[in-house]
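Next come the chains, spelled out residue by residue.
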Amino acid sequence: MKIVEADVIVTCPGRNYVTLKLTTDDGIVGYGDATLNGRELAVSAYLTEHVVPLLIGRDANRINDTWQYLYRGAYWRRGPVTMTAIGAVDIALWDIQGKALGRPVYQLLGGAARDGVMIYGHASGATIDETVADAARFLEAGYLAVRVQAKIPGLDATYGIRTGSGLTYEPAVGDLPAEEVWDTAAYLDFAPRLVAATRDQLGFGFHLLHDAHHRLTPLEAGRLGKSLEPYRMFWLEDATPAEDQAAFRLIRQHTVTPLAVGEVFNSIWDCQALIGERLIDYIRTAVPHAGGITHCRRIFDYADLYGVRSGSHGPGDVSPIGIAAALHLDLSIPNFGIQEYMDHLEPASEVFTPSYHYADGLLHLTDAPGLGVAFDESAARRYPYQRRYLPVNRLRDGSMHDW
Ligand code: KDG
Ligand code: MG
């Protein structure tokens, strides 16, 4: 089964997605998600210029060998662009393999280890009351877990607040980055009140999550984690800038609030110490950004040795193909924790038709062969690429801060 064609399709049905389409000599088509928010064309060019020529004529059955060939063969290892490109190839090859065998990918990974995949809803609002009411709506819809983010008083913009009426939070708007102002003191005064109000009004009968989005120092994170302990968080996400693995030693000394990190990671080496030293509780690598199903399976296997569970990143900037890849892995691994999931903006459903579906707080896969996501190329062409950037953050004195 040889790869005879490889195409990269960039489309913007509500937001930008990059899709790799591989076709085999027996006419099987597999899709991979190559979307890297705000840097889409870098992955598209990496694939088109450097990877596609290597794929034509390769045996589509050799998923592990292709992964190693692209990783070791580049010499320049790792990094989000390279690893997203490798991830897209890997995901497309698993899709092809499933379709060739007539089985869903999770079956090729050893079969379902659970009935469905628990996801968390993204509640947000302009005030604490609005956010709690939003969280209540998710609970009414059967969600078992909800993340809460609310506008910080005194700041014009806060990460994680949904603006439209759907379930999607989309921060990348405009063709230049929005400039936001950040104030750690205001946030640290506010976040515990948001979490306390959520528990006071909605109780403890669901999992509660919060994302600090990489903005605190280790000591500030320790203080926040400690203040959230009475509210039994499922996790505190991305407390500090994630490249500093050693920072988590300090956070751990100060709090027993469970810690999650990993959405900006792209390889097992980014979390080697975090997992091996039991410094985190959930590893949140995004399947498309961290080398695909093949590499994320290794990360989650390694994490299992240390009692660390998965919590894959799955915002609206991961396409339904990337979400499906994560779900097949989630369903099959022993140490699944939770899956992030957000609906995609409406026009995306003209381009992607996933077979996974929501019921009772879980996403369910069917036995559709491969990943089970259809991709409509002519619909994709109706939505050409638009340059979009994520916002940037500045402190009140104008200096740059992590967004
Ligand atoms: O592209 C960046 C987003 O994916 C990120 O800001 C979303 O932090 C995020 C999350 O937890 O979904
Ligand atoms: Mg996050």
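Scroll up for the structure.
Residues numbered from 1 in each chain as written. Chains lettered and ligands numbered in written order. Predicted model: local features only at pLDDT ≥ 70, side-chain atom pairs only at ≥ 80, totals over all residues. Heavy atoms only, no water.

## Some points on the coordination of the magnesium ion (ligand 2)
Taken together, the protein donors to the magnesium ion (ligand 2) comprise D211 (OD), E237 (OE) and E263 (OE), at separations of 1.9 to 2.2 Å. Mapped onto the sequence, the residues coordinating the magnesium ion (ligand 2) show the spacing D-x25-E-x25-E. With E237 in strand 8 (residues 235-237) and E263 in the loop between strand 9 (259-261) and helix 9 (272-276), this pair connects stretches of sequence that are 26 residues apart. Accessibility classification places E237 together with E263 in one group, the buried group. (Donors = N, O, S within 2.8 Å, 3.2 Å for Na, K, Ca; no water. Helix = DSSP H or I, 4+ residues; strand = E, 2+ residues; numbered from the N terminus. Buried < 20%, exposed > 50% of the residue type's maximum accessible area, 1.4 Å probe, protein only.)

## Notes on the pattern of salt bridges
On inspection of all chains with the given rule, the structure shows 18 salt bridges. Of the charged contacts, one joins R78 and D270 as a salt bridge, the two residues approaching to 2.8 Å between their closest N and O atoms. Taken together, the positions of R78 in the loop between helix 2 (63-73) and helix 3 (80-101) and D270 in the loop between strand 9 and helix 9 put the pair 192 residues apart, joining distant regions of the chain. The partner of D281 in a salt bridge is R252, and the shortest N-O contact between them spans 2.8 Å. With D281 in the loop between helix 9 and strand 10 (282-283) and R252 in helix 8 (residues 247-254), this residue pair connects regions lying 29 residues apart in the sequence. Here D281 falls in the partly exposed class, since its relative accessible area comes to 23%. (Salt bridge = Lys/Arg side-chain N within 4 Å of Asp/Glu carboxyl O.)

## Here we look at the nonpolar core
One finds L22, Y187, I275, I283 and I293 to be the most contacted residues of the largest nonpolar core, which totals 124 residues. With 10 residues, helix 3 is the single largest residue contributor to this core. (Core = buried A, V, L, I, M, F, W, Y, C linked by side-chain atoms within 4.5 Å.)

## A closer look at the side chain of D238
Tracing the chain through its elements places D238 in the loop between strand 8 and helix 8. Here D238 is in contact with D211, A212, H213, H214, R215, A260, V261, G262, E263 and R284, once residues within four sequence places are set aside. (Contact = heavy atoms within 4.5 Å.)

## Re unusual backbone geometry
Although it is not a glycine, R278 adopts a positive phi angle of roughly 55 degrees. Topologically, R278 is positioned in the loop between helix 9 and strand 10. Accessibility expressed as a relative area gives 49% for R278, which makes it partly exposed. Look at D360: it is not a glycine, yet its phi comes out positive at around 55 degrees.

## Things to note about the site of ligand 1
Taken together, 13 residues lie near ligand 1, and Y159, H213, E237, E263 and E340 sit nearest. Here an oxygen atom of ligand 1 and a side-chain polar atom of H213 are 2.8 Å apart. In the complex, the protein chains occlude 93% of the 330 Å² of accessible area that ligand 1 would expose alone. Of the residues that constitute the shell around ligand 1, the class distribution is 4 nonpolar, 3 polar and 6 charged. (Near = heavy atom within 4 Å. Polar contact = N/O pair within 3.5 Å; in protein donor to acceptor, adjacent residues only side chain to side chain. Areas by Shrake-Rupley, 256 points an atom, 1.4 Å probe, with all protein chains shown as cover. Nonpolar A, V, L, I, M, F, W, Y, C, P; charged D, E, K, R; others polar.)

## So, the pairing of strand 17 (residues 392-395)
As defined by bridge partners, strand 6 (residues 179-182) adjoins strand 17 across 4 bridges and the pair is classed as parallel. Residue pairing across strands places E180 opposite N393, the latter belonging to strand 17. Where strand 17 and strand 18 (residues 400-401) come together, 2 bridges link them in antiparallel fashion. Residue N393 lies in a different strand from strand 18, and its bridge partner there is H401. With antiparallel pairing between neighbouring strands as the criterion, strand 17 and strand 18 make up a hairpin whose turn holds 4 residues, including G398 at a positive phi of roughly 95 degrees. (Pairing = 2+ DSSP bridges.)

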